[in-house]
Amino acid sequence: MTSAVFVLNGPNLNLLGKRQPHIYGHETLADVEERCRGQAAHHGLDIRFHQSNMEGQIIDWIHEARDHGSAIVINPGAFTHTSVAILDALNAFDGPVFEVHISNVHKRESFRHHSYVSLRADGVIAGFGTQGYLLAIERVASLIKVAAAEADAVS
Ligand code: CA2
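I will try to describe carefully the structure that is included in this document. Remember, it's a predicted structure, so these values are computed and weren't measured experimentally.

Before going further, it helps to spend a moment on the site of the ligand. Near the ligand there are 17 residues, and of these N75, H81, I102, S103 and R112 occur at the shortest range. N75 has a polar side-chain atom sitting 2.8 Å from an oxygen atom of the ligand. One of the side-chain N or O atoms of H81 is found 2.7 Å from an oxygen atom in the ligand. Relative to its unbound accessible area of 500 Å², the ligand is 95% covered by the protein chains. Its residues assigned to classes, the shell around the ligand comprises eight nonpolar, seven polar and two charged.

Dropping the structure here:
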């Protein structure tokens with residue numbers, strides 16, 4: 001097993017499935033976590049799945065990923081559009097970073113069209129509902145497989 005994939009969720013995502021289902025669907029964050037764990041386990045990957053409403057806590061998890069994470073999948077919630085501090089933390093992480101939004105932010109208010117996190121993200125998924133998390137994990141798994149095959153080829 002390689003080091004963990006950090007799946008990080010920002011403010012208000014603890015309310016998933018409890019409010020605004022027309023935008024964010026009916027699944028709870030616990031449902032999303034379970035599906036992410038299943039998908040990761042299928043690829044032999046360990047997951048650290050977190051949610052916080054505090055910007056500093058999210059930054060601390062990104063720092064933790066510097067030592068213990070192979071990749072970060074992050075839905076920063078509204079911090080996407082405001083947080084230079086989260087961007088700075090992600091810039092200090094060396095592995096792949098994928099930004100996930102459940103809704104299609106480009107179809108919504110113009111203040112959601114700009115993302116600080118996209119300045120660092122290797123890929124962005126928006127508007128695929130909670131399936132976006134699974135697509136991001138799938139991408140991480142294939143990148144890890146390619147890297148392992150390349151490492152085998154040179155040894
Ligand atoms: O589409 C996304 O995933 C967002 O990151 C969600 C954020 C929003 O600020 C971003 O612009 C797009 C909001 C998360 C709030 O989640 C809730 C879920 C259910 C009920 C209320 C809020």
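So, about the nonpolar core. Grouped together as the largest cluster of nonpolar side chains are 24 residues, with contacts concentrated most on V5, V7, C36, I47, Y133 and V140. Looking at this core, the elements with two or more residues in it are β1 (4-9), α2 (29-42), β2 (47-51), β3 (69-75), β4 (97-101) and α5 (131-154). Looking at which element gives the most residues to this core, the answer is α5, with seven residues. Residue contacts for I47: discarding those within four places in its chain leaves V5, V7, C36, R37, A40 and I137. Within the second largest apolar cluster, 17 residues are counted, among which are I72, F79, A89 and F93.

Cut-offs applied
Residues numbered from 1 in each chain as written. Predicted model: local features only at pLDDT ≥ 70, side-chain atom pairs only at ≥ 80, totals over all residues. Heavy atoms only, no water. Near = heavy atom within 4 Å. Polar contact = N/O pair within 3.5 Å; in protein donor to acceptor, adjacent residues only side chain to side chain. Areas by Shrake-Rupley, 256 points an atom, 1.4 Å probe, with all protein chains shown as cover. Nonpolar A, V, L, I, M, F, W, Y, C, P; charged D, E, K, R; others polar. Core = buried A, V, L, I, M, F, W, Y, C linked by side-chain atoms within 4.5 Å. Buried < 20%, exposed > 50% of the residue type's maximum accessible area, 1.4 Å probe, protein only. Helix = DSSP H or I, 4+ residues; strand = E, 2+ residues; numbered from the N terminus. Contact = heavy atoms within 4.5 Å.

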